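# Results of the structural survey
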There are 2 protein chains.
Amino acid sequence: MAGTMRTIKMEIEYDGTGFSGWQRQSGALTTVQGAIEAALGRITQEKIGIIGAGRTDKGVHARGQVASFTTGSPMPLGRLIHSCNSLLPDTIRITAMRQAPESFHARFSATSRGYRYFLLERPSAIDSRFAGCSYGKPDVAAMNRLAAMLPGTRDFAAFSKEDSDQQSTICTVTEARWCRSGRYHVFRIKANRFLRSMVRFLVAGMIEAGMGRLEEEEFVGMLESCRRLPNLKPADAAGLFLWKVGYD
Amino acid sequence: MAGTMRTIKMEIEYDGTGFSGWQRQSGALTTVQGAIEAALGRITQEKIGIIGAGRTDKGVHARGQVASFTTGSPMPLGRLIHSCNSLLPDTIRITAMRQAPESFHARFSATSRGYRYFLLERPSAIDSRFAGCSYGKPDVAAMNRLAAMLPGTRDFAAFSKEDSDQQSTICTVTEARWCRSGRYHVFRIKANRFLRSMVRFLVAGMIEAGMGRLEEEEFVGMLESCRRLPNLKPADAAGLFLWKVGYD
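Structure report, in brief. Only a predicted model underlies this, so the values are computations on that prediction, with no experimental measurement involved.

What counts as what
- Residues numbered from 1 in each chain as written.
- Chains lettered and ligands numbered in written order.
- Predicted model: local features only at pLDDT ≥ 70, side-chain atom pairs only at ≥ 80, totals over all residues.
- Heavy atoms only, no water.
- Helix = DSSP H or I, 4+ residues; strand = E, 2+ residues; numbered from the N terminus.
- Rg over C-alpha atoms; globule rule 2.2 N^0.38 Å.
- Buried < 20%, exposed > 50% of the residue type's maximum accessible area, 1.4 Å probe, protein only.
- Contact = heavy atoms within 4.5 Å.
- Areas by Shrake-Rupley, 256 points an atom, 1.4 Å probe, with all protein chains shown as cover.
- Pairing = 2+ DSSP bridges.
- Least-squares fit on C-alpha atoms with pLDDT ≥ 70 in both.
- Buried area = accessible area lost by both parts, 1.4 Å probe.
- Salt bridge = Lys/Arg side-chain N within 4 Å of Asp/Glu carboxyl O.
- Polar contact = N/O pair within 3.5 Å; in protein donor to acceptor, adjacent residues only side chain to side chain.
- Expected span 1.5 Å × (residues − 1).

## Remarks on the overall build of chain A
When helices and strands are tallied, chain A shows 5 helices and 10 strands. Relative to the globule expectation of 18 Å for 248 residues, the C-alpha radius of gyration of chain A, 19 Å, shows essentially globular dimensions. Over its C-alpha atoms, taken along the principal directions, chain A stretches across nearly 65 × 40 × 35 Å. For chain A, the proportion of its 248 residues judged to be buried stands at 54%. Sequence-distant contacts, at least 24 apart, represent 71% of the contacts inside chain A between residues at least 6 apart. For chain A, the computed accessible surface area is about 11,700 Å², with 49% contributed by carbon and sulfur atoms.

Given below as C-alpha cells:
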C-alpha cells in the first residue's frame, strides 16, 4: 500500500531538561528519539526508526540536531512537520524536513559536529536552565590557553566516559575557543566526531583550571597520558548544546 | 528576644513558569511571594510578610523584582541570602539584600517600573519558555508607530483587567519601543505604575496590528475610548519580564 520510499533529513531543536537524553531506551524513560519516533509512527502508521547525528546525554540540549528516516508515506513534508510538532511536547520542535538522497544517513554522512557550552559566573533563576555555573569569576585567558591546545587529531580517551559502542578514541578538532556573549562565557568546539561526554569533561577541566583548582600542566597531562584525573566530573549537562551538524 | 528591627530591601529574579504569580494566595497555589516568605520565616523563626514592587501575573518572570520586609533577626545579610537561596527552588534567586531606611516600602517608594516583552516569530523548543510568539513576521514599524503613542500621562483602562484593588487607571509612561535583540523582538516599556495585565494587553494589541489583524486606528480607538475590543486577549505571560524597579 505504501508509495515509493523516501529518505527524509530533519532538523530538530530541543530543551533536554526533561529528557533522559537522545537515545531511545527500553522502559519508561522519556527520550527525544523515542518521542519523535512515536509521533512519526502515529502519523504515518508505520514503524519508524530515526537516526540522530549526535547522541546527546541526559539533560543536554540541541539547537541543530539532525536526524534521518525512511518512510513510505506520501504526506507533503510541510504537513508532516506540522502534524509531528502538534503531537510532540513543546520542548521538542522539528524545524525543517527535506527529502535527501537514499544514501543519506544523518550519523555516517555527517562530516562535523559543533557544540557550544554556556557558562555563568553565578546561578540564575532564569538562565541556569540553559547554562552551567563556575560559582565565581574564572580566568578566561587560562581557559583559552588550554582550548588552543585541542585542535588537531588526537586521542581524547582521557575526556570520555567508557562506552562499549566506541571503536576509537581519536577525534579531529577544528575549532575550540571561549568567548564572551552577554552574561555568558561560551565555549565553541567543532570536530569530526565526539566521544561520550567529551565536551563536558573538557569544559570541566578548563573551568577547574580557570578557577585555579587544577594546574594547566595537569590538564595537558591528561590529554597526553590519555588518563583522566579521578576527581574530574563532567560539567553540568544544562550548559551544553549540540549546535550544528555539517554535511559535505 | 529579637534585636533592633531592620528594614531590608532585596532584589529577586525568578522564572515564573511554574508559579501562580507573585502574590501570596490562600490554598495550595505556589506563588513567589509565598515561597520567599516561607523561606525567610523558617530561617528567622519570625512570621515575615514581604512587600513586592510589582505583582506579576501567573507565568510572568522577573529579572529585577524588588521586595522589602522587616526583621528582628541580627543575621548578617550575606548569610541570610545564602540560607534563603538554599531553601528556595532553583527558579527563584535572591540576588541582593541591603539594609534600607525604616521608611522604605518596596511598592510605595518605587518611582518607576520597567518591563520587557520578548517576542519570537516562530515557536522554539528552547526560547519559548521565556518568549511569546507572533507565528509570522510582524510589521515592526507599525508596532513602533503605536508604541510611540504611549508615552505621556493617560488613562490605560482599555488595556487592563478589572481589578478591585485599583483606584486609578491613569499611568505615566516614559518609554515604549520595540527593538531587535538576536532572535527576539523586544518591547521595552517604563512607567510610574502599571495596571493589571497592562503590558500584555498593549503587546497583544501591537502584535495584532503588526500582523495586520487589527487596524492601527482600532488600537488608537481603544486608547482614546478607554474600551478594549472584546476579542483582544493578553499576550502570552511567558514573554514578559519585570525588568527593573527604580527608586529616587
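From this point, the narrative continues.
## A short note on the pairing of strand E5 (residues 110-120) of chain B
All names here are of chain B. The buried count for E5 comes to 10 of 11 residues, which makes it a mostly enclosed element. When E5 meets strand E10 (residues 240-247), the two strands line up antiparallel, connected through 7 bridges. Its bridge partner being in E10, arginine 113 is matched across the sheet by valine 245. In the sheet, E5 pairs with strand E9 (residues 184-191) via 7 bridges, with the strands oriented antiparallel. Bridging across to E9, phenylalanine 118 finds its partner in valine 186. Sheet topology places E5 next to strand E6 (residues 132-133); 2 bridges connect them, and they run parallel. Of the residues in E6, the one forming a bridge with leucine 120 is cysteine 133.

## A few points about the relation of the copies chain A and chain B
Each copy of the sequence occupies a distinct position, and chain A is placed on chain B by a rotation of 180° and an axial shift of 0.0 Å, giving an RMSD of 0.0 Å. Within this description, the copies of the chain are treated as partners about a two-fold rotation axis. For chain A, the residue whose C-alpha comes nearest the rotation axis is A:Arg129, separated from it by 5.0 Å. The residues that chain A uses at the interface reappear at the interface of chain B in 100% of cases, marking a shared surface.

## Some remarks on the interface of chain A and chain B
Opposite the 21 residues of chain A that make contact, chain B presents 21 residues. For the chain A and chain B pair, buried surface summed over both sides reaches about 1,500 Å², with 55% attributable to carbon and sulfur atoms. It is A:Arg63, A:Ala125 and A:Ile126 that lose the most area in chain A upon contact with chain B, and together they represent 42% of the buried surface on that side. Applying the counting rule to chain A against chain B returns 2 salt bridges. Two residues, B:Asp127 and A:Arg63, come together in a salt bridge whose shortest N-O distance is 2.8 Å. Where chain A touches chain B, the interface holds 6 residue pairs in polar contact (both at pLDDT 80 or more). Among the elements that make up the side of chain A that touches chain B, the one with the highest residue count is strand E4 (residues 92-100) of chain A (3 residues).

## A short note on helix H4 (residues 198-210) of chain B
Residues and elements named next belong to chain B. Compared with an ideal rise of 1.5 Å per residue, which puts 13 residues at 18 Å, H4 spans 18 Å between its outermost C-alpha atoms and is within 8% of the ideal. The buried fraction of H4 amounts to 12 of the 13 residues, a majority that puts the element mostly inside the structure. Among all positions of H4, only Met198, Val199, Arg200, Phe201, Leu202, Val203, Ala204, Gly205, Met206, Ile207, Ala209 and Gly210 are buried. Those residues of H4 hidden inside the fold are in contact with E5, helix H3 (140-147), strand E8 (170-181), E9, helix H5 (216-225) and E10. Just downstream of H4, glycine 212 is the residue with a positive phi angle, here 80°.

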